[in-house]
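# Coordinates in review
Chain by chain, the residues:
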Amino acid sequence: QVQLVESGGGLVQAAGSLRLSCAASGRTFSSYVMGWFRQAPGKEREFVAAISRRGGSTSYADSVKGRFTISRDNAKNTVYLQMNSLKPEDTAVYYCAAVSRDFVPTTPTLYNYWGQGTQVTVSS
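First, a word on what this report is: a plain description of the structure on this page. Starting from 1, residues in each chain are numbered consecutively following that chain's sequence as written. Residues qualify for local features only when their pLDDT is at least 70, as the model is predicted, and side-chain atom pairs are given and counted only at 80 or more; totals for whole chains, interfaces and linings, by contrast, use all residues. To obtain the side-chain values, all non-hydrogen atoms of the structure were included, while hydrogens and water were left out.

Attention now moves to the pattern of salt bridges. Any carboxyl oxygen of Asp or Glu within 4 Å of a side-chain nitrogen of Lys or Arg constitutes a salt bridge here. Following the criterion strictly, the structure yields four salt bridges and no others. A salt bridge links Asp 62 to Lys 65; the shortest N-O distance between them is 3.2 Å. Comparing Asp 62 with Lys 65 shows no difference in burial state: the two are exposed. Note that Asp 90 is salt-bridged to Arg 67, the shortest N-O span being 2.7 Å. Separated by 23 residues along the polypeptide, Asp 90 in the loop between strand S8 (78-83) and strand S9 (92-99) and Arg 67 in the loop between strand S6 (58-60) and strand S7 (68-73) bring together distant segments of the chain. Summarising the burial analysis for this pair, Asp 90 and Arg 67 share the class buried. Only protein chains enter the accessibility calculation, which uses a 1.4 Å probe; a residue whose area is less than 20% of its type maximum is buried, one above 50% is exposed, and one in between is partly exposed. Note on conventions: DSSP H or I runs of at least 4 residues are helices, E runs of at least 2 residues are strands, and numbering of each starts at the N terminus.

Spelled out as structure tokens, the structure:
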């Protein structure tokens, strides 16, 4: 089992940047694929980015490609989401998630473990 705690959210102006972090408990962090999802008010939770267990493979939603970068540090049990060129439509609660798979899922229902989320608000 793994517990996830997100941090780094906040209020930022459009075109600004934020870096989210997700710290995981446990000794087997490197056995989990890690993903970032987001949920805006009145909308379903949507995929943002995911990274394979060793970090060699990543996947991004079309809406964030070229602006967001996912990375991980297995020695620190942490996954990051660097968000640049933020837009008001990026405003949402951002969640990190984990699953023990040998591929990189983009569907939220395939992830077993979830953090509590961190709010990101982008003002215009």
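Additional details are given in the paragraphs that follow.
Once that is clear, we can look at the packing of aromatic side chains. Working definition: a ring pair exists when centres of Phe, Tyr or Trp rings (six-membered ring for Trp) sit within 6.5 Å. Plane angles under 30 degrees give stacked, over 60 give edge-to-face, the rest tilted. Under the defined criterion, the tally for this structure stands at six aromatic pairs. Look at Tyr 32 and Tyr 113: their rings are 5.9 Å apart centre to centre, the planes differ by 80 degrees, and that puts the pair in the edge-to-face class. Here the residue Tyr 32 occupies a position in the loop between strand S3 (18-24) and strand S4 (33-39), and Tyr 113 occupies one in strand S10 (residues 113-114), the gap between them amounting to 81 residues. Through successive ring pairs, a cluster of aromatic residues spans Phe 37, Phe 47, Tyr 95, Tyr 111 and Trp 114. It is Arg 45 that lies over the ring of Tyr 95; its NZ or CZ is 3.8 Å from the centre. Geometrically, a lysine NZ or arginine CZ counts as sitting over a ring once it is within 6 Å of the ring centre and also within 35 degrees of the ring normal.

Moving on, we come to the side chain of Ser 21. Within the secondary structure layout, Ser 21 lies in strand S3. What Ser 21 contacts, discounting residues up to four positions off in sequence, is Val 5, Glu 6, Ser 7, Trp 36, Thr 78, Val 79 and Tyr 80. Contacts between residues were defined by any pair of non-hydrogen atoms, one from each residue, lying within 4.5 Å.

A separate point is the nonpolar core. The criterion is simple. A nonpolar core is a set of buried Ala, Val, Leu, Ile, Met, Phe, Trp, Tyr and Cys residues joined through side-chain atoms within 4.5 Å. Counting 37 residues, the largest nonpolar core has Met 34, Trp 36, Leu 81, Met 83 and Tyr 94 as its most contacted members. Breaking this core down by element, the ones donating at least two residues are S3, S4, strand S5 (46-51), S7, S8, S9 and strand S11 (118-123). Broken down by element, this core gets its largest block of residues, six residues, from S9. Those residues within four positions of Tyr 94 in sequence are excluded, and the remaining contacts are Glu 6, Leu 20, Trp 36, Phe 37, Arg 38, Val 48, Phe 68, Leu 81, Met 83, Gly 117, Thr 118 and Val 120.

Let us now look at the pairing of S9. Within S9, seven of the eight residues are buried, which leaves the element mostly enclosed by the surrounding structure. By this definition, two strands are paired if DSSP reports at least two bridges between them. Pairing of S9 with S11, which is carried by three bridges, proceeds in the antiparallel orientation. Directly across from Tyr 94, in S11, lies its bridge partner Thr 118.

On to the side chain of Arg 67, then. According to the relative accessible area criterion, Arg 67 is buried, its value standing at 10%. In the analysis that follows, any N or O atom pair within 3.5 Å is treated as a polar contact, provided that within protein one partner can donate a hydrogen and the other can accept it, and provided that, for residues neighboring in sequence, both atoms belong to side chains. Of note is the side chain of Arg 67, whose polar atom sits 2.8 Å from the backbone oxygen of Ser 63.

Let us look at the state of the cysteines. Each disulfide consists of one covalent bond between the sulfur atoms belonging to two cysteines. Disulfides are defined as pairs of cysteine sulfur atoms found within 2.5 Å of each other. A complete count under the given rule lists one disulfide for this structure. With its sulfur 1.9 Å from that of its partner, Cys 22 forms a disulfide with Cys 96. You can see Cys 22 sitting in strand S3 and its partner Cys 96 sitting in strand S9, a full 74 residues away along the chain. Note on accessibility: Cys 22 and Cys 96 belong to one class, buried.

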